[in-house]
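Inside the fold
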Amino acid sequence: MFLNRIEAAKFLIPFLEKFRFEDVVVLAIPRGGVPMGLVIAQYFNWKLSLLLIKKIGHPTNKEYAIGAVGLNCILLDEGHTDVPQFYIREESEKIRQLLWNRFTMYMGHCNQVSLKGKTVVNIDDGIATGYTMRASVMMLKQQQPEKIIVAVPVASPRTLQLLQNGVTEIIVLESPENFRSVGQYYIDFSEVTDEEVTAMLNKAG
């Protein structure tokens, strides 16, 4: 059990020490990954930015993920042949517009940070189904970073297997066989608000 996201981030720091002198950008997945990204970026004096991604819910159960959408990519589970293509197109477009609105809200009119040739440390508070993280990695590859590092406190073992081939390295503190949800491994898993995300980014400069 982790006390909260801040404590979990501090536990990740020793495993990231070997990248200290590289040209690193920390990409935090909002909103839960942002307080963790801030702790890590400030400790190493690395740049902090956001990786905006959101799951696509099944039409009959929005909480059940059938894929994920980023600002410029989409990842779908091909097993869901019952889901109409028009639903996927409409949901993807709505989610992409939402993500651009969030980017403007969080980052103002700042441009996205260039990742070409850099070491990218992708931070989140945990990985469950893995759609969000796999779509994140797909999006990152399009920007040609030198390395893609995924660093999380806890993850499903099955999901880690799906990620292995797409990244340079995965750093995970716990990967329990009885994994059910990310929140069960935190004593305090309070929701991070939009206002808190904006304040943290301002703090990071």
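1. Here's the deal with the nonpolar core
By size, the foremost hydrophobic cluster in this structure holds 73 residues, and its most contacted members are Leu16, Val26, Ile40, Trp46, Val121 and Val150. What Val121 contacts, discounting residues up to four positions off in sequence, is Leu16, Val24, Val25, Val26, Leu27, Trp46, Ile149 and Ala151.

2. Re the packing of helix α2 (residues 33–44) against helix α6 (residues 194–204)
Between α2 and α6, the shortest axis-to-axis distance is 10 Å and the interhelical angle comes to 10°. Comparing their axes, α6 and α2 come out roughly parallel. Each of Val34, Pro35, Leu38 and Gln42 in α2 lies in contact with α6, whose residues at this interface are Val197, Met200, Lys203 and Ala204. Its residues assigned to classes, the contact of α2 with α6 shows 6 nonpolar, 1 polar and 1 charged.

3. Here we look at the pairing of strand β7 (residues 147–154)
With 7 of 8 residues buried, β7 is to be regarded as a mostly interior element. Of the pairings in the sheet, the one linking strand β6 (residues 119–123) to β7 comprises 5 bridges and is parallel in character. Across the sheet, Val121 pairs through a bridge with Ile149, a residue of β7. Assessed by its sense of winding, the connection that carries the chain from β6 through helix α4 (residues 131–141) to β7 is right-handed. Relative to strand β8 (residues 169–174), β7 runs parallel, the two sharing 5 bridges. When the bridges of β8 are listed, Ala151 appears paired with Ile171. Between β7 and its parallel partner β8, the chain crosses via helix α5 (residues 157–163), and the hand of that crossover is right-handed.

4. As for the packing of helix α3 (residues 85–107) against α6
Two numbers describe how α3 lies on α6: the axes approach to 8 Å, and their chain directions differ by 50°. Here α3 is positioned oblique relative to α6, judged by the angle of their axes. Contact residues: α3 offers Met105, Tyr106 and Met107, while α6 offers Asp194, Val197, Thr198 and Leu201. The class makeup of the residues in the contact of α3 with α6 is 5 nonpolar, 1 polar and 1 charged.

Reading the values: the criteria
- Residues numbered from 1 in each chain as written.
- Predicted model: local features only at pLDDT ≥ 70, side-chain atom pairs only at ≥ 80, totals over all residues.
- Heavy atoms only, no water.
- Core = buried A, V, L, I, M, F, W, Y, C linked by side-chain atoms within 4.5 Å.
- Buried < 20%, exposed > 50% of the residue type's maximum accessible area, 1.4 Å probe, protein only.
- Contact = heavy atoms within 4.5 Å.
- Axes fitted to C-alpha atoms, helices over the stretch in contact; angles between N-to-C directions.
- Helix = DSSP H or I, 4+ residues; strand = E, 2+ residues; numbered from the N terminus.
- Parallel < 35°, antiparallel > 145°, perpendicular 65-115°, else oblique.
- Nonpolar A, V, L, I, M, F, W, Y, C, P; charged D, E, K, R; others polar.
- Pairing = 2+ DSSP bridges.
- Right-handed = clockwise from strand over helix to strand, strands pointing away.

These values are about where atoms sit, not about what they do.
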